[in-house]
Amino acid sequence: MKSFGLIGYPLGHSMSPVIHKELFKINGIDADYNLKEINPDVLSQGIGELKKLDGFNVTIPHKTGIIPFLDKLSDRAELFGAVNTVAVKDGILTGYNTDCFGFLRALDLAGIKLGGNVLLCGSGGVSRMFAFEAVLADSNLTIAVRDEDIDAANQIKKEIAQRLNKNIAVTTLDNVDGEYDVLINGTPVGMYPNVDACVLPKDKIAKCKAVFDAVYNPLETRLIKYAKECGAKYSNGLPMLVLQAAVAQEIWFDVKFTMEQISSVIDITERELGK
């Protein structure tokens, strides 16, 4: 039996074991998937154990910290400076970023085209990936953040200018104005238990044609509710969560999944979240 897992700290309640076990079933793969909580202070001491696995996923706070311990990086992982999937083969650790492909496929699933004028709320790790993908899709990107996060947003702006030779705009959430083709929420605003919070007021959401919310618990955040009421296309973060896991298994096993298979795993995960 092959062994896989998720490293992070703290891990709390993760849907990853449910998702990966359902994906294993689809391709008849005999494997287990376990959570491995590793304090950042002792990550270096845990690498020996991780090398005994056939592969693993990486979540906060290790997405950047794991990189010095890896032998190779995929192009996207190198570009974003973040890894969420590691393949282990003959003792060689190769880091990938499958979040980006999960994000792009989730947009496809919702019929949302990444392009035009894009408003991204947030400047954390996942927002950084969203920003790069938006620019790679030739969007006109504006990053909107809280006053205290302006420096982090400007750092993303600087890296995009250096690596992709593109200029983006940075503003505060209070100063968001204008119409947008896509609104992306990369912040945890609206996540359980703070379910009444919303990253922007409804009148600003009404000026967006499509909305992607990285939050998936609850499935219908206040942001998604407003998007529905305003007639915008929308997606919560659950399809991205399942799709990034599917891409990880495509890397580990050289398999493919149909959208029908992915949809069934999304449904199962939704039911689990509802329990």
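As a reminder, the structure under discussion sits directly above these lines.
About the cut-offs
- Residues numbered from 1 in each chain as written.
- Predicted model: local features only at pLDDT ≥ 70, side-chain atom pairs only at ≥ 80, totals over all residues.
- Heavy atoms only, no water.
- Core = buried A, V, L, I, M, F, W, Y, C linked by side-chain atoms within 4.5 Å.
- Buried < 20%, exposed > 50% of the residue type's maximum accessible area, 1.4 Å probe, protein only.
- Helix = DSSP H or I, 4+ residues; strand = E, 2+ residues; numbered from the N terminus.
- Contact = heavy atoms within 4.5 Å.
- Phe/Tyr/Trp six-rings, centres within 6.5 Å; stacked < 30°, edge-to-face > 60°.
- Expected span 1.5 Å × (residues − 1).

Caption draft 1: Fine view of the nonpolar core. By size, the foremost hydrophobic cluster in this structure holds 55 residues, and its most contacted members are Phe103, Leu141, Ile143 and Ile184. When residues of this core are assigned to their parent elements, the largest contribution, 10 residues, is made by helix α10 (residues 238-253). Leu141 has contacts with Val118, Leu120, Ala131, Ala134, Val135, Ile168 and Ala169, leaving out every residue within four places of it along the chain. Core analysis: the next-biggest nonpolar cluster, separate from the first, contains 16 residues, Cys121, Leu183, Leu200 and Cys208 among them.

Caption draft 2: Inspection of the packing of aromatic side chains at higher detail. On inspection of all chains with the given rule, the structure shows nine aromatic pairs. Ring plane angle 70° and centroid distance 5.9 Å describe the contact between Phe80 and Phe132, whose orientation is recorded as edge-to-face. You can see Phe80 sitting in helix α4 (residues 75-80) and its partner Phe132 sitting in helix α6 (residues 125-136), a full 52 residues away along the chain. Using a relative accessible area of 2% as the deciding quantity, one classes Phe80 as buried. Of the residues examined, Phe132 reaches a relative accessible area of 0% and is grouped as buried. Measuring from centroid to centroid gives 6.4 Å for Trp252 and Phe253, while their planes differ by 80°, and the two rings are edge-to-face. Under the relative-accessibility criterion, Trp252 is labelled buried at 13%. Assessed through its relative accessible area of 17%, Phe253 is described here as buried. Ring pairs connect the aromatic residues Phe4, Phe24, Trp252 and Phe253, which therefore count as one cluster.

Caption draft 3: α10, seen in detail. The first and last C-alpha atoms of α10 sit 23 Å apart over 16 residues, in line with the 22 Å expected at 1.5 Å per residue. Within α10, 15 of the 16 residues are buried, leaving the element largely enclosed by the surrounding structure. Directly beyond the C-terminal end of α10, a positive phi value near 55° is found at Asp254.

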